[in-house]
Structure formats: C-alpha cells, structure tokens
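Secondary and tertiary structure notes
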Amino acid sequence: MSHFVIFADGCCEPRNPNGVATYAIVVIDAITGEVLDEKADIIAIGNGATNNLAELMAVGAALKWALEHNATKVTVKTDSQLAVNLLTGLWQPTPTKPYSPAFRGAMRLLREAERRGVEVRLEWIPRRQNERADFLAKQLAMSVFNSLPRERQVALVAGT
C-alpha cells in the first residue's frame, strides 16, 4: 500500500494578480513521515497570473504526483479554501475566472484517481501548517521576479 500526504501551496508574488505565479508540493510517506519529494514550478508571469490559479495548479500537481507514483491513498493538504471547496463540490466554479483551466485540470486528475481506485482526501489546513510548501513556492516566485529585467519588475509591481 502506498499512502502519501502531499502538502500543496501556490502563490503570486510580489503582486496578486499579475505577478509571478508558482506552486510547490512536499510529499511525505504517510507511514514513516519521511519527506520523499519536493517540487516547485513556475506557472505564469504577468497577465493572468493569480494566487487562485497557483493554488489549484498546486493541488493538480499533487494529484499528478500521486498518480505517477501509483498511490493507493493520498491526502492533499492545502491552505486554499477555494481549491478544497471547488474540488469537493461545495462551491461552484466561475467559468470566466482565470483559475478555470486549472480547476478543470485538477478535476480531470481527481476523476482519473477515482477511476484508478485511489482513495483521495482533500484537506484544508491553516497556512502555518503548510510552511514548507509555502516557503518553496514563494522562494521560487521571488527568485524568478528578481531575475527579471528591472523594467519588467517595475511593470509587474505597478500592475502595468
């Protein structure tokens, strides 16, 4: 039995919306507590980059990791109430929101996990319990931002 706990977080820095959107996941073996993997990736820069997009992409990345590693059970922990409430059906998505494609992608992965018999639990947690994934996402966002030309940095912060 392969049971994982995956902490997932997304951010849009230094400005939301339209900053640098990134996500991170931290994968834990649910039995031993060992950290098995950490991953962070960039999603978007500027127009269309939002925190909600990044949060949903983080949950999608967690589900994808679980599928790729033949999980039988996975608990995805995120500090995004939006992601948890949309993906569990408590809230209805707004199709015109920038997060909509990420929501649809995460739902496809959730359905695929169910089709394969993977037991999936989505859990909202306070941000302070998601510190490592939060740190990795923000670290990458600010690293990317700091690598941009000064004019681009100014434009992103100004929202132009």
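The following refers to the structure shown. (Residues numbered from 1 in each chain as written. Predicted model: local features only at pLDDT ≥ 70, side-chain atom pairs only at ≥ 80, totals over all residues. Heavy atoms only, no water.)

Counting its secondary structure elements, the protein contains 5 helices and 5 strands. Here the C-alpha atoms of the protein give a radius of gyration of 16 Å, agreeing with the 15 Å that 2.2 N^0.38 yields for 160 residues. In terms of principal-axis extent, the alpha carbons of the protein reach across some 50 × 35 × 25 Å. Considering only contacts in the protein between residues 6 or more positions apart, those separated by 24 or more positions represent 70%. (Helix = DSSP H or I, 4+ residues; strand = E, 2+ residues; numbered from the N terminus. Rg over C-alpha atoms; globule rule 2.2 N^0.38 Å. Contact = heavy atoms within 4.5 Å.)

It is worth spelling out the state of the cysteines at this point. Under the defined criterion, the tally for this structure stands at 0 disulfides. Cysteine Cys11 shares no disulfide, and the gap to the nearest cysteine sulfur, in Cys12, comes to 7.3 Å. Overall, Cys11 belongs to the buried group, its relative accessible area being 3%. Residue Cys12 is classed as buried on the basis of its relative accessible area of 5%. (Disulfide = S-S within 2.5 Å. Buried < 20%, exposed > 50% of the residue type's maximum accessible area, 1.4 Å probe, protein only.)

Right, let's get into the sheet that holds strand E2 (residues 20-29). A sheet is described by the order of its strands in space; here 5 strands give the open sequence E3-E2-E1-E4-E5, paired in mixed fashion. One side of each edge strand has no neighbouring strand; the edge strands of this open sheet are strand E3 (35-45) and strand E5 (119-124). Averaged over all neighbouring strand pairs, the angle between strand axes comes to 20°, with direction disregarded. Examined bridge by bridge, strand E1 (residues 3-13) and E2 share 10 bridges and lie antiparallel to one another. Bridge pairing in E2 places Ala8 opposite Ile25. Each of E1, E2 and E3 is contacted by helix H4 (residues 131-147), which is oriented at about 150° to E2, the strand it contacts most. (Pairing = 2+ DSSP bridges. Axes fitted to C-alpha atoms, helices over the stretch in contact; angles between N-to-C directions.)

Relative to the elements of secondary structure, Ser100 occurs in helix H3 (residues 100-115). Among the residues examined, Ser100 registers a relative accessible area of 4% and is labelled buried. Reaching out from Ser100, the side chain makes a polar contact with the side chain of Arg104 at a distance of 2.8 Å. For Ser100, the contacting residues outside a window of four places in its chain are Thr94 and Pro95. (Polar contact = N/O pair within 3.5 Å; in protein donor to acceptor, adjacent residues only side chain to side chain.)

What follows deals with H3. Across its 16 residues, H3 extends 22 Å between first and last C-alpha, which sits within 8% of the 22 Å expected from 1.5 Å per residue. Looking only at H3, the buried set comprises Ser100, Ala102, Phe103, Gly105, Ala106, Met107, Leu110 and Ala113. Those residues of H3 that are buried lie in contact with helix H1 (51-68), helix H2 (81-87) and E5. (Expected span 1.5 Å × (residues − 1).)

Before going further, it helps to examine the layout of surface pockets. If a probe as big as a water molecule is rolled over the atoms, it shows which places are left empty. Roughly 190 Å³ of volume is contained in the largest pocket. Lining the largest pocket are 13 residues, and of these Met57, Gly60, Ala61, Lys64 and Leu109 sit closest to its centre. Put simply, the parts of the chain that give the lining of the largest pocket at least two residues each are H1 and H3. No other element matches H1, which puts 7 residues into the lining of the largest pocket. Looking at side-chain class alone, the lining of the largest pocket contains 8 nonpolar, 2 polar and 3 charged residues. (1 Å grid on protein atoms, 1.4 Å probe; cavity = no way out; pocket = protein on both sides within 12 Å on 5 of 7 lines; lining within 4 Å. Points joined across faces, edges and corners; volume = space filled by probe spheres on them. Nonpolar A, V, L, I, M, F, W, Y, C, P; charged D, E, K, R; others polar.)

Running from amino to carboxyl end, H1 crosses H3 at an angle of 25°, the nearest separation of the two axes being 9 Å. What the angle tells us is that H1 and H3 run roughly parallel. Considering the relative orientation of H1 and H3, their crossing is left-handed. In this structure, H1 contributes Leu53, Leu56, Met57, Gly60, Leu63, Lys64 and Leu67 to the contact, and H3 contributes Ala102, Phe103, Ala106, Leu109, Leu110, Glu112 and Ala113. Along the lines of polarity and charge, the residues of the contact of H1 with H3 split into 11 nonpolar, 1 polar and 2 charged. (Parallel < 35°, antiparallel > 145°, perpendicular 65-115°, else oblique. Left-handed = near helix turned anticlockwise from the far one by under 90°.)

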